[in-house]
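Residue strings, one per chain:
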Amino acid sequence: MVYAGIEIWAHRGRLVPGLPGNTLVDFQKAYELGVYGIETDVCFTAPDKNGSREPIIHHPDPKDCNNPKINFLSLDNFLAFLKIHPTLSCCLEIKQEDENLANVVVDKITMNGLEKRVYITSFQTKIPWLNLGTSGKVILKAKARNPKIKTHLIATFPFSLPVLARKYSPDIMSIGWLPESKLSERFFKIFLMKTVNLKRQIKQVQDMGIKIIGGMVNDREGFEYFANLGVNGIMTDNSVAAMEFIKTKSP
């Protein structure tokens, strides 16, 4: 089977697993590698003495957000980076279900003219104990703020992708499992795949004009798995291996 045309998305801009990610250096290297897009995270800093908070590129950890020694990448500087790399797309995950954060992010994307390349990202369902801090309400509010904004829904429970597609009208949907959880992977591969015809549902959603990304996977077995399901893209911490995989499968 030929997998030409599958998009590679670098999770936090990582080239290989284990890197911290979410820095301009990571994003630049991912761009130079030739990935289609990068995934990154945006959250507010802790309030300063005046109560002001700033949007930063960061996977939030309470102790980090209160650590003045950490030099966070601002959302403004990140969007400036995207503007000078016009072939690079971004899934920008809102890490706090905070309407003010979503509004600020949407407005800054709009002001920078990046609505066609930056996809506001959230999970379908908020599950704090799994560190899933947002729900699909985020992308609905983003669309209400700017109907032209692109959105990306991570399907927490992908039993009916067409139903989710109609409810949230995203431009991209993600399916898969948590990379650090073997239980999550077994649930997906064994229970879910025996319960629904996922390949058929993927095709149905694609026929609605919505892309499907599979992840998180970091090895050839995982790349093959999602490619055989017919996804449009693969989300990975191992962009180097994923790009090599695509090259070997291209005509």
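Residues numbered from 1 in each chain as written. Predicted model: local features only at pLDDT ≥ 70, side-chain atom pairs only at ≥ 80, totals over all residues. Heavy atoms only, no water.

> Looking at this structure, I do not really get the environment of Ala30. What am I missing?
For Ala30, the position within the fold is in helix α1 (residues 24-33). A sequence separation of 134 residues divides Ala30 from Leu164, and the C-alpha atoms of the two residues are 31 Å apart. If we ignore the near neighbours within four places in the chain, the residues touching Ala30 are Ala10, Gly13, Leu15, Val35 and Ile38. (Helix = DSSP H or I, 4+ residues; strand = E, 2+ residues; numbered from the N terminus. Contact = heavy atoms within 4.5 Å.)

> Teacher, can you tell me more about the side chain of Lys108 here?
Within the secondary structure layout, Lys108 lies in helix α4 (residues 99-111). With relative accessibility at 17%, the residue Lys108 sits in the buried group. Contact partners of Lys108, with chain neighbours within four places excluded, come to Pro55, Leu75, Asp76 and Leu79. (Buried < 20%, exposed > 50% of the residue type's maximum accessible area, 1.4 Å probe, protein only.)

> I'm lost on helix α8 (residues 198-207) in this one. Help?
The α-helix advances 3.6 residues per turn, and as a result positions three or four apart in sequence lie on the same side. Along α8, the residues classified as buried are Leu198, Gln201, Ile202 and Val205. Seen from one end, α8 has its buried residues packed into an arc of 105°, which puts them on one side. Those residues of α8 that are exposed and aimed more than 90 degrees away from the buried face are Arg200 and Asp207. The elements touched by buried residues of α8 are α6 (161-168), β8 (172-176), α7 (182-195), β9 (211-215) and α9 (220-229). Immediately beyond the C-terminal end of α8, within one or two residues, lies Gly209, with a positive phi of roughly 90°. (Arc of directions from axis to C-beta.)

> What's the story with the packing of α6 against α8 in this structure? I'm lost.
When two helices pack together, their arrangement is captured by the angle between the axes and the distance separating the axes. Viewed as axis vectors pointing N to C, α6 and α8 meet at an angle of 30°, and their least axial separation amounts to 8 Å. In terms of orientation, α6 and α8 fall into the roughly parallel class. Contact residues: α6 offers Leu161, Pro162 and Ala165, while α8 offers Leu198, Gln201, Ile202, Gln204 and Val205. The class makeup of the residues in the contact of α6 with α8 is six nonpolar, two polar and no charged. (Axes fitted to C-alpha atoms, helices over the stretch in contact; angles between N-to-C directions. Parallel < 35°, antiparallel > 145°, perpendicular 65-115°, else oblique. Nonpolar A, V, L, I, M, F, W, Y, C, P; charged D, E, K, R; others polar.)

> Could you clarify how one ought to interpret the pattern of salt bridges in this entry?
Here the structure, examined in full by the defined rule, presents 15 salt bridges. Across the salt bridge formed by Glu7 and Lys211, the nearest N and O atoms sit 2.5 Å from each other. Remark: Lys211 occurs in strand β9 and Glu7 occurs in strand β1 (residues 7-11); sequence separation between them is 204 residues. Given the relative accessible area of 10%, Glu7 is considered buried. In this structure Lys211 comes out as partly exposed when scored by relative accessible area, which is 24%. In this structure, the salt-bridge partner of Glu244 is Lys247, at a minimum N-O distance of 3.9 Å. Of this pair, Glu244 and Lys247 both sit in helix α10 (residues 239-249), three residues apart, roughly one helical turn. When salt bridges that share partners are traced, they join Lys143, Lys150 and Asp171 into one network. (Salt bridge = Lys/Arg side-chain N within 4 Å of Asp/Glu carboxyl O.)

> Sorry, what's going on with a nonpolar patch on the surface here?
A grouping of Phe157, Phe159, Phe187 and Phe191 is seen on the molecular surface, where their side chains present a nonpolar patch of about 350 Å² in accessible area. Along the chain, Phe187 falls in helix α7. (Patch = residues over 30% accessible without salt bridge, like charges linked within 9 Å, V, L, I, M, F, W, Y side chains within 5 Å. Areas by Shrake-Rupley, 256 points an atom, 1.4 Å probe, with all protein chains shown as cover.)

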